[in-house]
Amino acid sequence: MHKSRTVGLAAAALAFTLAVAGCSTKAETAGTAAPGVSDSTIKLGVLMDLSGPFAGTGKTILDASNVAVKEINAAGGVCDRKLALVTRDHGYDPQKAVAAYDEMDPQVLGYLNILGSPVVTALRDKIEAKDELAGLTTFASTLLGDEHLIVLGATYDIQTINGLDWLMRKGELRSGDSVGHIYLQGEIGENSLRGSKFAAGKLGLKIVGQQIDPTATDLTSQVNALKSAKVKAILVDSTPKQAASVAAVAQAAGMEVPIMGGVSTFATSLLRTSAAPALTEHYSRLSGLGALGADNAAARKLAAAWTDQYGKAPEASSGVVHAYAMTKLYAEILGKSCDDLTRPGVLKARSSVTDFSLPGLLPPQDFSDPAEPSSREAQVLGVDKGVFAGVKARGDFFASDLAKEYKVPSAG
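Residues numbered from 1 in each chain as written. Predicted model: local features only at pLDDT ≥ 70, side-chain atom pairs only at ≥ 80, totals over all residues. Heavy atoms only, no water.

In the nomenclature of an unreviewed UniProt entry, the protein chain is known as ABC transporter substrate-binding protein of Streptomyces xiangluensis. According to its UniProt record, the protein chain has this under Sequence similarities (unreviewed entry): "Belongs to the leucine-binding protein family." (UniProt positions renumbered as here; feature names shortened; annotations may be inferred.)

Right, dumping it as C-alpha cells:
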C-alpha cells in the first residue's frame, strides 16, 4: 500500500510537472517569451531616416507615432500592455539600416514603421525569415504580395493614375497632350512612372520622363526640357525641396501648367521660401491619406493632439496622418492576437483586418490579400497657407475606373 501510494504520488508529481510545462508552453505561445513582449509592455521597432534626404519626413513620422502611442496607452493600451517604441536612424542608407535592424531586432516584437523602399528591399529577407510584421512608410506596389509587409493605402502608381484621371476630368489635360514626369531614380519614381505610362496609354497622353537623383538640388535643366517638349502638366515624384525647385523654375520660365506631386513632395517649411507663390498657384499633391488641415472632426482632433504635444505645425502633414493611421492599424492587429502574442501570431492576425478606416483621414482599408493594395482611393490636396500644415483637400477620396482596372506589379 505504501508502495502504491508512492507510485501514485510520483505519478501525480509527473502530471503536475507536465501541466506546468504545458502552462509554460501556453504562456510562451501567448507571447511572454516573444521578443519585445513582457507582462506590461509590447515594444515595436521604428527604422527612420532622421539624418538623410527624408529626415524632415522621418522626424515627423516618429513624432506622430508617439502621438498615437500616447493616445492608445491612455485608453488602456493593447492586450493589457502599454506600447513602447524602439527607434533607430538609418539615414536612408540600406547598409546602415541592416546594421540598425540587427542591433534592435532582439528587442522588438515587430516593426511599426520602416521608411524607404531601398531600406525595405535590403531588409525583406530578414523580416521574412523571422516571421515579423512590418509597417512601411512607402507606397511601392512592388512590395505587395508579401504578408510580412504592410503597405498602407493606394500605391504610388495608383495615386498617379488617379491624378492624371483627375486632371483630365477637370479639363486641365486633353487627349493628345504631353505630360512631363520628373521622377526619382529608384522604386518610388519608377513605380509612379509605371502608373503614369499606364494612364497615358488609356487617356491618349504622351509622357515625357525626366529621371533625377535624390541629391539633385537644381532642376532647371529638367524643367527646360519639359518646356521644350511643350508639356501641358508636370508630374513630380521627388523630395519636397526638389518639388519646390520644379515649381519655382517652371513659373520663372513662364510655364502656366499644373504641377502634381506625389505623396512625399511637400513640406510645410516650403511655404516660408521663395517657392511659396508658385506652389500655391500651380501645385497639387496626391495622397492616399487625408489632409491634416482638412475641415473634419478627425483632422481637427489629430491637429489639436499634435499641437498640444509639439506646439507647431508639422514639417510633413502626410507623414503625421500616415504614422498615426499605421500605429492605430498595428494596434488593431495586435488586439486580434492577444492570445498569441508571438511574431507568427501577429502575422496571422493581419489578414483578419478587412475594414479598417479613420473617417476623414483614411478611406476603408482591406488587408485580407497581401497581393492587393489595401485601397485604390486617392485624394488631391492643394496648398493653402491659411490652413494647418499648409494643405487642404480639393475633393473627396476617389478611385478612378482606370485605377480599378490597373493590375499592380506584385513581388510576392
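Once you've had a look at it, read on.
Participant: Would you take a moment to explain the pattern of salt bridges for this structure?
Facilitator: Close approach of charged atoms allows side chains of opposite charge to pair. Across all of its chains, the model carries 14 salt bridges by this definition. Arg 124 is the partner of Asp 146 in a salt bridge, and the nearest nitrogen-oxygen pair spans 3.2 Å. Of the two residues, Asp 146 is situated in the loop between strand E4 (134-137) and strand E5 (149-151) and Arg 124 in helix H4 (residues 117-129); the sequence distance between them amounts to 22 residues. Via salt bridges that share partners, Asp 105, Lys 130, Glu 132 and Arg 343 belong to a single interconnected network. (Salt bridge = Lys/Arg side-chain N within 4 Å of Asp/Glu carboxyl O. Helix = DSSP H or I, 4+ residues; strand = E, 2+ residues; numbered from the N terminus.)

Participant: Honestly, the environment of Gly 386 in this entry has me stumped. Any pointers?
Facilitator: Note on placement: Gly 386 falls in the loop between strand E13 (379-383) and strand E14 (391-393). With 126 residues separating them in the primary sequence, Gly 386 and Met 260 have C-alpha atoms 20 Å apart.

Participant: Would you mind going over the sheet that holds E13 with me for this structure?
Facilitator: Hydrogen bonds along the backbone pair up the strands of a sheet, which may run parallel or antiparallel. Read from one edge of the open sheet, seven strands run E7-E6-E8-E9-E10-E13-E14, paired in mixed fashion. Single-partner strands in this sheet number two, and they are strand E7 (206-212) and E14. Pairs of neighbouring strands in the sheet enclose a mean axial angle of 25°, with direction left out of account. When strand E6 (residues 178-184) meets strand E8 (residues 233-237), the two strands line up parallel, connected through five bridges. Each bridged residue has a counterpart across the sheet, and for Val 179 the counterpart in E8 is Ala 233. This element, helix H5 (residues 156-169), spans E6, E8, strand E9 (259-261), strand E10 (283-287) and E13 of the sheet and lies at about 135° to E10. (Pairing = 2+ DSSP bridges. Axes fitted to C-alpha atoms, helices over the stretch in contact; angles between N-to-C directions. Contact = heavy atoms within 4.5 Å.)

Participant: Is there a simple way to explain the side chain of Thr 265 in this structure?
Facilitator: With respect to the helices, strands and loops of the structure, Thr 265 is situated in the loop between E9 and helix H9 (276-282). Accessibility expressed as a relative area gives 1% for Thr 265, which makes it buried. Separated by 2.6 Å, the side chain of Thr 265 and the backbone oxygen of Gly 262 make a polar contact. Discounting chain neighbours no more than four positions away, the residues touching Thr 265 are Val 236, Asp 237, Ser 238, Thr 239, Pro 240, Ala 243, Leu 270, Tyr 283 and Arg 285. (Buried < 20%, exposed > 50% of the residue type's maximum accessible area, 1.4 Å probe, protein only. Polar contact = N/O pair within 3.5 Å; in protein donor to acceptor, adjacent residues only side chain to side chain.)

Participant: Just checking my understanding: could you explain the layout of surface pockets for this structure?
Facilitator: It is the rolling of a water-molecule-sized probe over the atoms that shows where space remains empty. Space inside the largest pocket adds up to approximately 320 Å³. The set of elements that each furnish at least two residues to the lining of the largest pocket consists of helix H2 (55-74) and helix H8 (240-252). The class makeup of the residues in the lining of the largest pocket is 10 nonpolar, six polar and two charged. Here the second largest pocket is characterised by a volume of approximately 230 Å³. (1 Å grid on protein atoms, 1.4 Å probe; cavity = no way out; pocket = protein on both sides within 12 Å on 5 of 7 lines; lining within 4 Å. Points joined across faces, edges and corners; volume = space filled by probe spheres on them. Nonpolar A, V, L, I, M, F, W, Y, C, P; charged D, E, K, R; others polar.)

Participant: What should I look at first to understand the environment of Ile 61 in this one?
Facilitator: Residue position: Ile 61 is located in helix H2. What makes Ile 61 buried here is its relative accessible area of 0%. Expressed as a C-alpha distance, the spacing of Ile 61 and Thr 268, which sit 207 residues apart in the sequence, is 14 Å. Contact partners of Ile 61, with chain neighbours within four places excluded, come to Met 48, Asn 113, Leu 115, Thr 137, Gly 319 and Ala 323.

Participant: Explain the nonpolar core to me, please; I cannot follow it from the model alone.
Facilitator: Across soluble globular proteins, you tend to see nonpolar side chains buried next to one another. Among the nonpolar cores identified, the biggest contains 133 residues, and Leu 83, Leu 109, Ile 114, Leu 164, Ile 234, Leu 329 and Leu 334 are the most heavily contacted of them. It is helix H11 (residues 317-335) that provides the largest number of residues to this core, a total of 11 residues. In this view, Leu 83 contacts Ile 42, Leu 44, Val 69, Ile 72, Asn 73, Val 78, Ala 331 and Leu 334; residues no more than four positions away in its chain are not counted. (Core = buried A, V, L, I, M, F, W, Y, C linked by side-chain atoms within 4.5 Å.)

Participant: Even after reading the chapter, I still don't get the pairing of strand E1 (residues 41-48), so can you show me in this structure?
Facilitator: The two faces of a sheet get side chains in turn, since along a regular strand they alternate between them. Burial runs high along E1: six of the eight residues are buried. A crossover links E1 with its parallel partner strand E2 (residues 82-89), the connecting element being H2, and its sense is right-handed. As paired elements, E1 and strand E3 (residues 110-115) share four bridges and run parallel to each other. Bridge pairing in E3 links Leu 47 to Ile 114. (Right-handed = clockwise from strand over helix to strand, strands pointing away.)

Participant: In this structure, what is going on with the packing of aromatic side chains? I would like to understand it.
Facilitator: Any two aromatic rings considered together are summarised by their centre-to-centre distance and by the angle between their planes. Scanning the entire structure with this criterion turns up six aromatic pairs. Seen from their ring centres, Phe 54 and Tyr 92 are 5.0 Å apart, and the 55° between their planes marks the pair as tilted. One end of the pair, Phe 54, is in the loop between E1 and H2; the other, Tyr 92, is in the loop between E2 and helix H3 (94-104), with 38 residues separating them in the sequence. The exposure class assigned to Phe 54 is buried, which follows from its relative accessible area of 6%. For the ring pair Tyr 101 and Tyr 111, a centre distance of 5.3 Å and an interplane angle of 25° mean the geometry is stacked. Taken together, the residues Tyr 101 in helix H3 and Tyr 111 in strand E3 connect sequence positions 10 residues apart. Both residues of the pair, Tyr 101 and Tyr 111, count as buried. (Phe/Tyr/Trp six-rings, centres within 6.5 Å; stacked < 30°, edge-to-face > 60°.)

Participant: Would you mind showing me how to read the state of the cysteines here?
Facilitator: Two cysteines, two sulfur atoms, one covalent bond between them: this is a disulfide. As enumerated under the stated definition, the model contains one disulfide in all. Between the sulfur atoms of Cys 79 and its disulfide partner Cys 338 the distance amounts to 2.0 Å. Because the torsion about its S-S bond is -85°, the bridge between Cys 79 and Cys 338 counts as left-handed. Here the residue Cys 79 occupies a position in the loop between H2 and E2, and Cys 338 occupies one in the loop between H11 and helix H12 (343-350), the gap between them amounting to 259 residues. The class for Cys 79 is buried, based on a relative accessible area of 12%. Relative accessible area serves as the criterion here: at 29%, Cys 338 is assigned to the partly exposed category. (Disulfide = S-S within 2.5 Å.)

Participant: Mind showing me how you'd approach the packing of H11 against H12 here?
Facilitator: How two helices sit against one another is set out by the angle between their axes and by the gap between those axes. Between H11 and H12, the least distance of the axes is 8 Å, while the angle of their chain directions is 110°. One finds that H11 runs roughly perpendicular with respect to H12. Of the two possible hands of crossing, H11 and H12 adopt the one that is right-handed. Contacts between H11 and H12 pair Tyr 330, Ile 333 and Leu 334 from the former with Val 346, Ala 349 and Arg 350 from the latter. When grouped by side-chain class, the residues that make up the contact of H11 with H12 number five nonpolar, no polar and one charged. (Parallel < 35°, antiparallel > 145°, perpendicular 65-115°, else oblique. Left-handed = near helix turned anticlockwise from the far one by under 90°.)

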